[in-house]
Structures are given as C-alpha cells and as structure tokens.
Amino acid sequence: MNHPPLLEGLHVVDLASFIAGPAACTVLGDFGADVVKVEPPRVGDAYRSLSRVPPNPHVEGVNYPWQLDNRNKRSIALDLKSAGAQPVLQGLVRWADVLVTNFPPRTRAKLGLEYEALAPLNPRLIYADVTGFGEEGPDAHLPGFDVTAYWARSGLMHLTRQQGVPPAMNAFGSGDHSTAITLFAGIMTALYRRERTGQGARVTASLLAEGAWAASMWLQAVMVGAKAPRPIDRADPPNALANMYRTADDRWIVLVFANEDKQVPLFLKAIGRPEAAQNPRYADSASRRAHSGEIAALLDKTFATRTLAEWREALDTAGLTYGVVQTLEECARDPQLFANRVFVPIDDGSDTPHLTVDSPVRLDQEPKVRPRPAPDLGEHTDSVLHDLGFDDAGIEELRKAEAVA
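To start, this report covers the structure provided alongside it. (Residues numbered from 1 in each chain as written. Predicted model: local features only at pLDDT ≥ 70, side-chain atom pairs only at ≥ 80, totals over all residues. Heavy atoms only, no water.)

## Thoughts on the sheet that holds strand S5 (residues 126–131)
For sheets, the rule is that strands pair by backbone hydrogen bonds, running either parallel or antiparallel. Basically, it comes down to this: Strands qualify as paired when DSSP identifies two bridges or more between them. Note on conventions: DSSP H or I runs of at least 4 residues are helices, E runs of at least 2 residues are strands, and numbering of each starts at the N terminus. Helix axes use the C-alpha atoms of the stretch in contact, all axes being lines fitted to C-alpha atoms, and the angles between their N-to-C directions lie in the range 0 to 180 degrees. Contacts between residues were defined by any pair of non-hydrogen atoms, one from each residue, lying within 4.5 Å.
On the basis of which strands lie adjacent, the open sheet formed by six strands has the order S3-S2-S1-S4-S5-S6 and parallel pairing. Looking along the sheet, the strands with just one partner apiece sit at the ends: strand S3 (73–77) and strand S6 (201–206). Taking the axes of each pair of neighbouring strands and ignoring which way they run, one obtains an average angle of 20 degrees across the sheet. Across the sheet, helix H1 (residues 20–30) is in contact with strand S1 (11–14), strand S2 (34–39), S3, strand S4 (98–101) and S5; its angle to S1 comes to roughly 160 degrees. Lying over the sheet, helix H8 (residues 174–197) contacts S4, S5 and S6, oriented at roughly 165 degrees with respect to S6.

Below, the structure is given as structure tokens:
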C-alpha cells in the first residue's frame, strides 16, 4: 500500500454487541478506520463466549468468532450504567464520526443513547442503529437474533428445506453478516451525505428487513397475488433441472439450467442419454414440467452410477451450469477462495498465522489494512481515554467511580 488506507482518520465507536453491528464496524476497520469497541467491565461483550455455545465448533485456545468480527479494534471497558461514565460517553460521541449501537429502544432510552440525546453533542455524527425487528411497530422492543428475525420470521427458514422435513437451524451469524454489509453501506451513504451537506444522519437496519430482502423475489410474488412456493420435494420438484442429485460416492450436485433449450441437449449427451431429446414427454419446458417427478427419478438413477469426480468431468466438458454441495472443510481449502484473497492471514507476528475471512467489499484501488488480533477486554482503556483528553488523574477518578475497569 503506497498511500494511507481510505478510511484512515475516521473515528468509529462500536457500542454494539454480538454480530451485525460489530461486523459493520469491522468492515470500516478493514479500510483503516480507528474503531473503539466499548464493552462492559468484567464480562465484556457476550459474543466473546459464543464459541463455547453448541452447536458452534470449539477450538481450544482460539476465540475464532471474536477474532472474525472484532479485528483491528481497540477495547475500552466502560460501565454505561454508571453515572461516572457520562463524561466518557460524551467524549466518545464528540470524538466519533460514526457511532454504532444495537441496544433495544428501551435500553437506549434508559442509558441515554438515543439519537436525539447524542446528536446535539456532535452535529456531524453518523449514528447507525441495527435492531432485530425495526424501530417501529408492536415488536420493535423485542430482542432479535439472526435465527429468529432474519431466518424464521422472514419466511426463509420455511422455504429452505425439503417438503415434510422440519425447519433446520441456520449457520450462526449468516443473517447477521448480511445485515452488517447493509449497515456498512448505510454508513458510507451517510458519510457521503455529510460531505455534501456537512450534517450527520441516522442510519437504520434490521435483521427482519434484511431477511425480507433476501427472500424478496418470492416474497414479491406473493405480494402481487402469486401462490406461495412450498418447500420443495426433490423427488417431485417443480423443475427437475433445478434440483439436487446424489452421486455414487454420496455427494450432492445441484443442477441449475437457465437456458434449457440450449443446455438440455448438451446435458442429455453428457449423461449418455441423447435419444431422450426426441421423447415428446421431455421435448420442451412445458412437457418437462409436467413430468418432473418422472425425470427426477430417472436422474436419481443416472447420477447414482458415477462418482462426483466423474460427473464433474462430464458436466464441465459439456459447459453446463451446476454446483457441488461442499462441506465447510472443502470450502476452507477451496483454491478459488484463496486466489481471490477471501482468506487472509492475521498479522499477529507468528510464523504461521491463522487465517480469517475477509469482508466481501473490495475496491481495487484501495487495499485494506492487514487484520490485527482482536483486543482483550479493556486492553486499550487508558489509550482511548487519553485520546479523549483525560489525564492520568482523571482516569484514576474514573476507576474509583467504577466507571471504567
């Protein structure tokens, strides 16, 4: 990097917990922003302990989710419930360009963290607020996680399963990380507005709105009168050429043919059944839909005759569109992800650093900073307080008042 990071000099206060809000701050930090993570003394952000909660995998001595979403941050241990914390909070607000919170509305009001209370301290402040179910309505006060708000309430959990099978638990954090990118986009839009107007703004995002956006193609169909899609029965699918099939070595292939007129003859040749193209039952899209269960049964038998490697060779040679249902272990070794620098080393000074997942926002002309280790609880309390103008005596007074650890 031959010039300063794009967001160097941007001050960010991370008052959020768990994933969506802090992850948005992580993306800002990836581009060089100075992010201060505010955590309660003694216990810290509860996200620090999530890796010990099943079904999350446990790795002894490695707090992988904390590293993922809190790299490149400084941590200050501040008790926002303490009256003595108010001067520190006000100092952070005046220092900040961006403040991110995910406290429920009632908690924000109790702690004096509402936008209306903080904006007068800093008219240029970008106040970013992420909730489970939005700022208004009867459920605005409810706590929300990605599994409850993004996945369950949006309809995604109902749809992303096989017919007759109970809903499955999603991969933890998947809705949160999508929402984090939306929050980041909102923050950058507000910063652009500030460049034009000189004024700060309030940015909002919610897990429920993000889930509705993720489901929006089919949700939009229902809103204009279409019949709601049902969970798919892969043995009798609406479209046998947009379906999953098991190979001889117990792997799964997903077919997705967008241009059937062109792809079906190539596919039939690749699977050794070119004569089927002349069968009137399979001759066009309408007839294939009418006989989708029959076609799925034939393809089940066909795909079961060869291994995944054999099918990949046949389908690749034919130039067909398909996907392999990879395991996480395979994804972690996928050369395509390495080639595109999706996995990057943590700059911890070791000879063989752990890798972490990079945030997905890229600018070719603006390299990101190298990921640094996520902070220990309160690791930077003194340095942050000094940045806010507190001297050693003032910091000691804050400790006596138990406002900071």
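Continuing now.
## Structural notes on unusual backbone geometry
Just so we agree on the cut-off: Under the scheme applied here, a residue whose accessible area is under 20% of the maximum for its type counts as buried, over 50% as exposed, and between as partly exposed, the area being computed with a 1.4 Å probe on protein chains only.
The amide bond that connects Pro54 to the next residue, Pro55, takes the cis arrangement and shows omega of 10 degrees. With respect to the secondary-structure elements, Pro55 resides in the loop between S2 and helix H2 (64–70). Phi at Glu402 takes a positive value of approximately 60 degrees, unusual for a residue other than glycine. On the basis of relative accessibility, which here comes to 58%, the residue Glu402 falls in the exposed class.

## Things to note about the side chain of Asn239
Convention followed: Here a polar contact is recorded for every N or O atom pair within 3.5 Å, except that within protein the pair must consist of a potential hydrogen donor and a potential acceptor, and residues adjacent in sequence are included only if both atoms are side-chain atoms.
Turning to its location among the elements, Asn239 is positioned in the loop between helix H10 (216–223) and strand S7 (244–246). A polar contact of 3.5 Å, which involves the side chain of Asn239, links it to the side chain of Arg289. Beyond its immediate stretch of four places on either side in the chain, Asn239 contacts Glu260 and Arg289.

## Some points on helix H11 (residues 260–270)
The following threshold applies: Taking the helix axis as origin, the arc is that swept by the directions to the C-beta atoms.
Residues Glu260, Gln263, Val264, Phe267, Leu268 and Ala270 constitute the buried set of H11. End-on view of H11: buried residues confined to an arc of 155 degrees, all on one side of the axis. Exposed residues pointing more than 90 degrees away from the buried face of H11 are listed as Asp261, Lys262 and Lys269. Phi turns positive one or two residues past the end of H11, at Gly272, with a value near 80 degrees.

## A word on the side chain of Asn56
With respect to the helices and strands, Asn56 occurs in the loop between S2 and H2. Asn56 has contacts with Leu50, Ser51, Tyr64 and Phe172, leaving out every residue within four places of it along the chain.

## Brief notes about a negative patch on the surface
Basically, it comes down to this: Patch membership requires over 30% relative accessible area and the absence of a salt bridge. Like charges are linked within 9 Å, and nonpolar side chains (Val, Leu, Ile, Met, Phe, Trp, Tyr) within 5 Å. For the accessible areas, the method is Shrake-Rupley and the probe is 1.4 Å, while residue cover comes only from the protein chains on display. Should a side-chain nitrogen of Lys or Arg be within 4 Å of a carboxyl oxygen of Asp or Glu, the pair is scored as a salt bridge. Charge counting follows a simple rule: Lys and Arg are positive, Asp and Glu are negative, and His as well as the terminal groups are ignored. A single reference atom marks each charge: NZ on Lys, CZ on Arg, CG on Asp, CD on Glu.
Taken together, the side chains of Asp249, Glu310, Glu313 and Asp316 define an acidic patch exposed on the protein surface. Note that Glu313 resides in helix H14 (residues 308–318).

## Quick notes on the pattern of salt bridges
One pass over the structure, following the stated rule, counts 24 salt bridges. Between Asp45 and Lys37 there is a salt bridge, with the nearest N and O atoms lying 2.9 Å from each other. A cluster of three or more residues bridged by salt bridges with shared partners is formed by Asp14, Lys37, Asp45 and Lys73.

## Regarding the sheet that holds S7
The strand order across the open sheet built from three strands is S7-S8-S9, with neighbouring strands paired in antiparallel fashion. Only two strands of the sheet have a single neighbouring strand rather than two, namely S7 and strand S9 (322–324). For this sheet, the mean angle separating the axes of adjacent strands, direction not counted, is 25 degrees. When S7 meets strand S8 (residues 252–255), the two strands line up antiparallel, connected through three bridges. Paired with Arg246 across the bridge in S8 is Trp252. Most of the contacts of helix H13 (residues 292–303) go to S7, to which it runs at about 40 degrees, and overall it touches S7 and S8. Contacting S8 and S9, H14 crosses the sheet at an angle of about 155 degrees to S9.

## A few points about the packing of H1 against H8
As a reminder, the rule being used: Working definition: roughly parallel below 35 degrees, roughly antiparallel above 145 degrees, roughly perpendicular at 65 to 115 degrees, and oblique for all remaining angles. Crossing handedness is defined as follows: a turn of the near helix away from the far one that is anticlockwise and smaller than a right angle gives a left-handed crossing, while the clockwise case is right-handed. Classes in brief: Ala, Val, Leu, Ile, Met, Phe, Trp, Tyr, Cys and Pro nonpolar; Asp, Glu, Lys and Arg charged; the others, Gly included, polar.
Close contact between H1 and H8 brings their axes to 8 Å; oriented N to C, the two are set at 55 degrees. One way to sum up the angle between H1 and H8 is to call them oblique. In this structure, H1 crosses over H8, and the sense of that crossing is right-handed. From H1, Ala20, Gly21, Ala23, Ala24, Val27 and Leu28 reach across to H8, where they touch Asp176, His177, Thr179, Ala180, Ile181, Leu183, Phe184, Ile187 and Met188. When grouped by side-chain class, the residues that make up the contact of H1 with H8 number 11 nonpolar, three polar and one charged.

## Things to note about the pairing of S1
Here four bridges tie S1 to S2, and the two strands are oriented parallel to one another. Among the inter-strand pairings, His11 is bridged to a residue of S2, identified as Asp34. Here three bridges tie S1 to S4, and the two strands are oriented parallel to one another. By the bridge assignment for S4, Asp14 is matched with Val100.

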